[in-house]
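Commentary on secondary and tertiary structure
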Amino acid sequence: MLIDLGYRAPDSLEEALEILGEDSSFLILAGGTDLLVKYFDAREKMGNVLDISRLEELKKIVIEGEKIFLGALTTHEEIYRNPDLQKKVPFLCRAAKSVGAPQIRNQGTLGGNMANASPAADLAPPLIAVGARILLAGPDGERSFNLDEFFTGPGKTRKNPNEIITGVEFNVPVGDFRNTFLKVGQRRALAIAVASLAIALSCRQGKVEEVRLSAGSVAPIPLRARETEKILQGQKLDNLPLEKAADQLEKEASPIDDIRGTRVYRARVLGNLLRKGLQEVLSQEGVSENG
Amino acid sequence: MAKVKVNLKVNGKEHSLEVEAATRLLDLLRDELGLIGTKEGCGKGECGTCTVIMDGKTVNSCLVLAPQADGREIMTIEGLGSPEALHPLQEAFIKKGAVQCGYCTPGIILSAFDLLEKNPRPTREEIKEGISGNLCRCTGYVKIVEAIEFFNEGRGEHDK
Amino acid sequence: MTNKFVGKRIDRVDARDKVTGKALYSADFYQEDMLYLKVLRAPHPHARINSVDVTNARKIPGVVMAITAKDIAWVKNFGMIFKDQEVLVREKTRYMGDALAIVAAETPAIARQALDYIEVDYEPLQVLSDPLQAMDKKAPYIHEPREENCEPGYNPGNLLCSHRLERGDVEKGFAEADKIIENEIRTPHVEHVALQPEAGVAKYDKDTGVCTMWVATQWLHDIQADVAQALNLKAEQVQIIQPAIGGAFGKREDVSVHIIIGLMSILTGRLVKMEMTREELMITQNKRHPIIFRYKTGVKKDGTITAWEAEVIGDTGAYASTGSAVVHQALYMCTGPYNVPHLKGVSYTVYTNNTYAGAMRGFGATQAAFAYETQMDCIAAELGIDPLEFRRKNAYELGSITPNGQILTTSVGIKETLDKAAEIFGYEPGRLSKEVNGKIRGVGVSSSMFGCGYGEGFPDHSIVDLEVTREGKILVRSAAADVGQGILTVVCQIVAEVLDIPMDLVEMAPGDTHATRNAGSTSATRQTIFSGNAAKLAAEELLGKIYHRASLELSKHHPQFLVRDGEVVLQGTETRISLAQLARISREKGDPLQAEGCYFPRTDVPDEATGQGRLVYVAYTFNTHITEVEIDKYTGETKVLRVVAVPDVGRVINRVGVEGQSEGGTVMGLGMALMEKQVIEEGITKNADLSTYLIPTSLDMPEIITDIVESGDAAGPYGAKGVGEPALLPAAPAIINAIYNATGIRFYHTPVTPDEILQALQARASKNF
């Protein structure tokens, strides 16, 4: 391709980082589902665009046993359709499926979903709940963060403008791992979450061994609900303190009113999503401890 | 923004163009190639009227920068059939009354085509899911779903 | 005699082009050297404009022209009923869609950028967003006060008009009642979301003085007249050629780009193109009127309605558009298809600084249907009568009197729609809600009526011209706009039926002000009745001419031959004359095979003081829906599971078309019930795109079963009535009534959101403990 200032589409990560190293004002374009919406009717104001959609090295999905790496350019559709992911982390696939519609899922990428840092980013809650780390590459080498520490505000992350998200990695908990993702939208497709909740529960001998809860659209960033987790931690599966946990989760949320829903509803429905979601995971068939 | 050279294959035909980098694939198809079957309904990826198939996947062409389509293969509605030689899926849309104002029709047909390529025996729910990125304000979707089912039944008979 | 085409499932005549992407819509017209237009809209919903400075915009390379109101002092105001809208505002803005400047540039991007260089100096004025506030005498005037039109006590700058309805003696009726039920019911701003955004292309020919435009409209000749008067042209100097239309639903009754493209083509002498963005058109173009209904209904214990009083207040926004007609239609339909012996009502159409409201599918009758079906459901619940039974008891029959005093003498199928819907649905009277897997199910019933055609004494008509071509085809010339509903197919079917020829021998000429004659508007659910009748009359005249010419040529009596499949056949012989041949002969004899049909029914202007008349609308369409919903107790989300939709259309012309309208109307109503509201706060729209203004997707659609009642004998061709708008009317109220049945919670507005349902469910739960 004819390379010209203003639009660059490198073939390698190295080259992409070089471009950013020289001029970090480049807007990074991957799937385009957020960026081109933002610059709708004002594309001439985009300035310099770094199109990373040709970086093959960011398109990998690597699954080695319980260790999983998802490249930043993995699309929502690829996550949703991946049979291994469907088996190991069904709630991540469910979250991916809940995004937009086929076209948006074909275009929108994991990395874009993270970089855009919307409180409603659908992939964030299950990834946080599964303890994912996000990997960044920059001119000074690689960095990584726990995903629940990556977001700093709506549209804001700890990524520097000269860094590129390369992917996320996580380990699927071994043993009896149960999970679910629930989302309330305003309709059944092409819907942005009014509230969402990912529940990841590792069970052992009829008790909650480890629990992680992460919620979308109820705080300035995808929320990790640590206080609610504490209430459920170590509890017996047949006697979970559902109401107490739901009440705590409502308190832990700090939602706002916007065009899609009210603050009051978001908190209230979040508690209900926990009630509904815990019932669902309890009814899931526990994977035997031998795997 | 600068001009960028874009080579791409559209409906089986190679094209080499120079466009402003900020051009969308949608504009390239309509303004440069005259393929007006691809429509613009919102420009924000919310309505699906600009759906095309890029390298075997449906995309909203309003959310693809033209240079991103460099080296890629695009199929638009014009690549499926013509008024003189309809694709059976297009015929099914006519027969079942799945067309009213017709503005969503090219995009929906491409979504359906792509769905059937990947899933030759979709359930009714899978059909609805497959066209869920294409808004239609006229039909209530009923006859669109029926048309896709009808096409598939016909195809099933051919298979026998 | 059985029909060959009428009543059958007929493929659309325009479908082949539409499924292949060949159909040309307004934005599909391209030319290398055309100019692109962009419009600067208001900075504030209500502001005094001190100056609009385009000096810097004009300096941008590629900008060919930038104009403000000062540059076009000669241009006149426009508007469908009242000419109250300025092409470019001169002194003040009245809503966010007001145009302040127009830029013409070599590319859309340059035109877009140029808008940033226009400087506007303005003083904000008080914004009136609430019609009740705007009606108040103390409120500032949005328009020049018109004391002569104003009711005493109201605001002369903001009250556009009022209408009245009175029959019988409501006080007597209320005195006879055992119960009186009063409710206030409200509907919001709703957007049409026709998928094709407003767009148009125009060129001006200096030599002929004709401005030709390719632009969608629901009524070619009306827009032609409005463009012409605004631009000081004669009607014949404005030629509008109708492209394919990507949906309308009332959106395209109003002027959008039309005057601007015409104006700029004249000023620049170039071919100009304007495309509105989705945001721009949502803010700028007409909305469904938000309407407040205040109802008071008297009933006897046995469920007999004794009296009904209605106050109807419609927010028409910054400009009148068709507002006066929409709001009085809401009044005229305010009691639905139910017998009411004593009736009294008043409606007010009020200006505010909101986006102006105009026509949208149902034209006031949609809002009214939601209101009266809510009221009917409330009354049934209050009396402990099954909602379907209560409707049946009061439903119209032959001899019933409409709110306008029209005695129904034909085609009243409302009871049949109720019975048929109940049967297909498997309706259980007195049915209570059921809980299935944490989800609560309920069933709702709703019926509706709709007066077809403009009626009310309006000189409403349609003309269709036919001609046998050299090839022996029948060329149909009609200006009827096919906005997707299928009128072109209906017209072709009728012509084919009368002439007994295959559909593919019937051809439609494109709608063109200079080649087709007035067909009236594609609105008021009138085209099947009006253009359908005109086509039938024209075809019958043409058939007569064919017979006449053939009898001369064959020297035979009429009964000895027949016209079939494009030929005149002498019975029992091999002798045939093709229509092509006959057309040639006729032309040679100076009597070409041409015919015209005009349908021009008379209706009465309702009495100003009482709204009463003898024949106010040419026909009434009735509909019933029975709908089942399921509500998620955890989230408050409503899923519509199943809708049985039964329209009474008189007679079916195209079965696929009727079903398509029913299904489309049902899903549009689902949107209205559960998600659609253009949020306008202090005159500013908060959700002007399709990610925040939501319409139903394929995954939201319920199972829809449409069965059709053919009560026959209506004013349309073959006894047909219209179906397009009425198909929407019962959809939303049936859903809201089903939510009531499921939860026991009554909502008096649309849309009902999960938020509200969850809140109400929890409020009730806490009350019970």
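A brief look at the structure comes next. Because the structure is a prediction, the values reported are computed rather than measured. (Residues numbered from 1 in each chain as written. Chains lettered and ligands numbered in written order. Predicted model: local features only at pLDDT ≥ 70, side-chain atom pairs only at ≥ 80, totals over all residues. Heavy atoms only, no water.)

**Details of the overall build of chain B**
Scanning chain B from N- to C-terminus turns up five helices and five strands. Going from the N terminus to the C terminus, chain B shows its helices and strands as β-β-α-β-β-β-α-α-α-α. For 160 residues, the compact-globule estimate of 2.2 N^0.38 gives 15 Å, and chain B sits close to it at 16 Å. When its C-alpha atoms are laid out on the principal axes, chain B stretches across 50 × 35 × 25 Å. Looking at chain B as a whole, 70% of its 160 residues are labelled buried. Long-range pairs, those at least 24 residues apart, make up 53% of the contacts in chain B between residues at least 6 apart in sequence. Accessible surface computed for chain B: about 5,200 Å², of which carbon and sulfur atoms make up 46%. Across chain B, the mean location of the 20 positive side-chain charges is 3 Å away from that of the 24 negative side-chain charges. (Helix = DSSP H or I, 4+ residues; strand = E, 2+ residues; numbered from the N terminus. Rg over C-alpha atoms; globule rule 2.2 N^0.38 Å. Buried < 20%, exposed > 50% of the residue type's maximum accessible area, 1.4 Å probe, protein only. Contact = heavy atoms within 4.5 Å. Areas by Shrake-Rupley, 256 points an atom, 1.4 Å probe, with all protein chains shown as cover. Lys, Arg positive; Asp, Glu negative; His and termini not counted. Charge placed at Lys NZ, Arg CZ, Asp CG, Glu CD.)

**A look at the overall build of chain A**
Broken down by element type, chain A carries eleven helices and 14 strands. The C-alpha atoms of chain A give 19 Å as radius of gyration, which agrees with the globular expectation for 291 residues (19 Å, within 12%). In terms of overall dimensions, chain A has a C-alpha envelope of 65 × 45 × 35 Å along the principal axes. Evaluated residue by residue, chain A yields a buried proportion of 57% over its 291 residues. Restricting the contact set of chain A to residue pairs at least 6 apart, pairs at least 24 apart contribute 61%.

**Let's talk about the nonpolar core**
With 246 residues, the main nonpolar core has Phe93 of chain B together with Val495 and Val568 of chain C as its most contacted residues. Of all the elements, helix 14 (residues 527-554) of chain C adds the most residues to this core, at eleven residues. Residue contacts for Phe93 of chain B: discarding those within four places in its chain leaves Ala98, Val99, Thr105, Ile108, Ile109, Ile144, Ala147 and Ile148 of chain B together with Val19 of chain C. (Core = buried A, V, L, I, M, F, W, Y, C linked by side-chain atoms within 4.5 Å.)

**A look at the packing of helix 10 (residues 365-383) of chain C against helix 17 (residues 731-743) of chain C**
Residue and element names in this part refer to chain C. The N-to-C vectors of helix 10 and helix 17 enclose an angle of 30 degrees; their axes lie 9 Å apart at closest approach. In terms of axis orientation, helix 10 runs roughly parallel to helix 17. Crossing handedness for the pair helix 10 and helix 17: right-handed. Judged by residue contacts, Ala369, Phe370, Glu373, Thr374, Asp377 and Ala381 of helix 10 engage Pro733, Ile736, Asn737 and Tyr740 from helix 17. When grouped by side-chain class, the residues that make up the contact of helix 10 with helix 17 number six nonpolar, two polar and two charged. (Axes fitted to C-alpha atoms, helices over the stretch in contact; angles between N-to-C directions. Parallel < 35°, antiparallel > 145°, perpendicular 65-115°, else oblique. Left-handed = near helix turned anticlockwise from the far one by under 90°. Nonpolar A, V, L, I, M, F, W, Y, C, P; charged D, E, K, R; others polar.)

**A look at the interface of chain A and chain B**
The interface is formed by 33 residues belonging to chain A together with 38 residues belonging to chain B. Around 2,800 Å² of area is buried between chain A and chain B when both sides are counted, 56% of it from carbon and sulfur atoms. Taken together, the links from chain A to chain B amount to four salt bridges. The salt bridge partner of Glu46 of chain B is Arg187 of chain A, with a shortest N-O separation of 3.8 Å. Counting across the chain A and chain B interface gives 13 residue pairs in polar contact (both at pLDDT 80 or more). Taken together, the elements giving at least two residues each to the side of chain A that touches chain B come down to helix 2 (35-38), strand 3 (49-51) and helix 6 (102-107) of chain A. (Buried area = accessible area lost by both parts, 1.4 Å probe. Salt bridge = Lys/Arg side-chain N within 4 Å of Asp/Glu carboxyl O. Polar contact = N/O pair within 3.5 Å; in protein donor to acceptor, adjacent residues only side chain to side chain.)

By themselves these figures say nothing about function.
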